[in-house]
Amino acid sequence: MNILLIGSGGREHALGWALAQSPLTTKLYCAPGNAGIADVATCVPLSAADHGAVIRFCREHDIGFVVIGPEAPLVAGLADDLANAGIKHFGPSKAAAQLEGSKGFTKDLCREAGIPTAAYGRFKDAVAAKAHLARQKLPIVVKADGLAAGKGVVIAEAREEAEAAIDACFAGAFGAAGAEVVIEEFMTGEEASFFALCDGTHALALASAQDHKRVGDGDTGPNTGGMGAYSPAPIMTPAMTARTMDEIIRPTVAAMQARGTPFKGVLFAGLMITADGPKLIEYNARFGDPETQVLMLRLKSDLVTAMLATADGVLDKLDLRWRDDAALTVVMAARGYPGTPEKGTEIKGLAGAADVEGVQIFHAGTRRDGDRILADGGRVLNVTALGRTVAEAQARAYAAIAKIDWPGGFCRRDIGWRAVARERS
Ligand code: AMP
Ligand code: GLY
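Notes on the structure follow.

Definitions and cut-offs
- Residues numbered from 1 in each chain as written.
- Chains lettered and ligands numbered in written order.
- Predicted model: local features only at pLDDT ≥ 70, side-chain atom pairs only at ≥ 80, totals over all residues.
- Heavy atoms only, no water.
- Helix = DSSP H or I, 4+ residues; strand = E, 2+ residues; numbered from the N terminus.
- Buried < 20%, exposed > 50% of the residue type's maximum accessible area, 1.4 Å probe, protein only.
- Polar contact = N/O pair within 3.5 Å; in protein donor to acceptor, adjacent residues only side chain to side chain.
- Contact = heavy atoms within 4.5 Å.
- Pairing = 2+ DSSP bridges.

Comments concerning the side chain of Glu180
In step 1: Among the secondary structure elements, Glu180 is positioned in the loop between helix H8 (159-170) and strand S9 (181-185).
In step 2: Glu180 sits in the buried class, given a relative accessible area of 10%.
In step 3: Of note is the side chain of Glu180, whose polar atom sits 2.5 Å from the side chain of Arg122.
In step 4: Dropping the residues within four chain positions of it, Glu180 is found in contact with Arg122, Phe123, Lys124, Lys143, Ala144, Asp145 and Phe170.

Regarding the pairing of strand S18 (residues 326-334)
In step 1: S18 sits mainly inside the fold: nine of its nine residues count as buried.
In step 2: Alternating residues of S18 divide into Ala326, Leu328, Val330, Met332 and Ala334 and Ala327, Thr329, Val331 and Ala333, and every residue in both groups is buried.
In step 3: Bridging between strand S15 (residues 228-231) and S18 involves four bridges; their strand directions are antiparallel. Note that in S18 the partner of Ser231 across the bridge is Ala327.
In step 4: Note that S18 and strand S23 (residues 379-387) share eight bridges and pair antiparallel. The partner of Thr329 across the bridge, within S23, is Thr384.
In step 5: Bridge count between S18 and strand S24 (residues 409-410): two bridges; the pairing is antiparallel. Its bridge partner being in S24, Ala334 is matched across the sheet by Gly409.

Put into structure tokens, the structure is as follows:
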């Protein structure tokens, strides 16, 4: 069948790379894609925000399946419009994507279903939010309710800082996303990224991963979309995975079904592994970026089959196979990220870097200019590698990075440190 993939990041390059390998794929299109995705798909200048144009494209190109990568089109209801047009797709409805689109929605659902998460309050004005804040312990977490591209979260050590975050939200720092504020208890523990395919009724756990959110070595500096990841996450033992499925994922799937808004797609749980076990930090209604890059390298089973089983509601019949190898990805970002990244700097040496054993380079934000590859975003490249251990995957990824000639870019030098330290001990 012909498949249309929506998105333009490293996550979509990794998904496209896996989709293109499927015997079920006749022709793969990507809208809008990037310079790397163009190696595995035909890139088309189609805006995901124009649902009518997407549907017309599907009809004209005999698209049998649409895979929606990012959250914005999900929250905007692209899946609903595809469903109404009778076009099979991977990705939840607008109502189900509220699990990512509204932090308050998810917190209320957790409370009703008894899902472990941080204690919280929801507020529509600063006076009420500050009154609640006055009664809380520090540090405290202040979040804009809606989609804020990872920037709407402040962990405040001091009350004034929390008050400033509340004021910034209501003053419009995050636009409509900040019309409501969620104030949460601060949880301590180790974070993990957990993914499960959900078909509305059944849930199937994928491999685990860990992300590095801070821009600087040693997990310092501002938060980013993710500077690197590895899989598996050693903290997600089989017992921890089973608890996460039983205490968090399955109750969520059941609650969404009971509300008449079944979740079909991939549910990405940001977890805090606390002394009391796994607790939900937040949900995303899509694959993680850059976690997907490591998951796709480890996935042995056919991705199209898995996504079709999700759309068709038959995940109970599916069994996925994973490589025993570890995978690790290092994000190369343009200078200035996560502030204002420099655009248009030239990247050389990619072919030589891709020749390093076990290495696969995914493009996150690039464009082609004749024979040249130019940086075209904040996160630009995901240098990804397999290895028998995280340490081996890490060594391979950094060996490839040493061959990339890109003065306009930078990366963290310590991706995977926690897992590598565990392997050594
Ligand atoms: P989020 O965008 O909700 O994933 O939050 C971004 C990051 O803030 C998370 O990855 C955590 O590191 C941190 N965070 C969010 N909520 C909490 C919380 N309640 N307790 C501790 N850390 C949190
Ligand atoms: N890596 C975290 C995210 O995709 O939101």
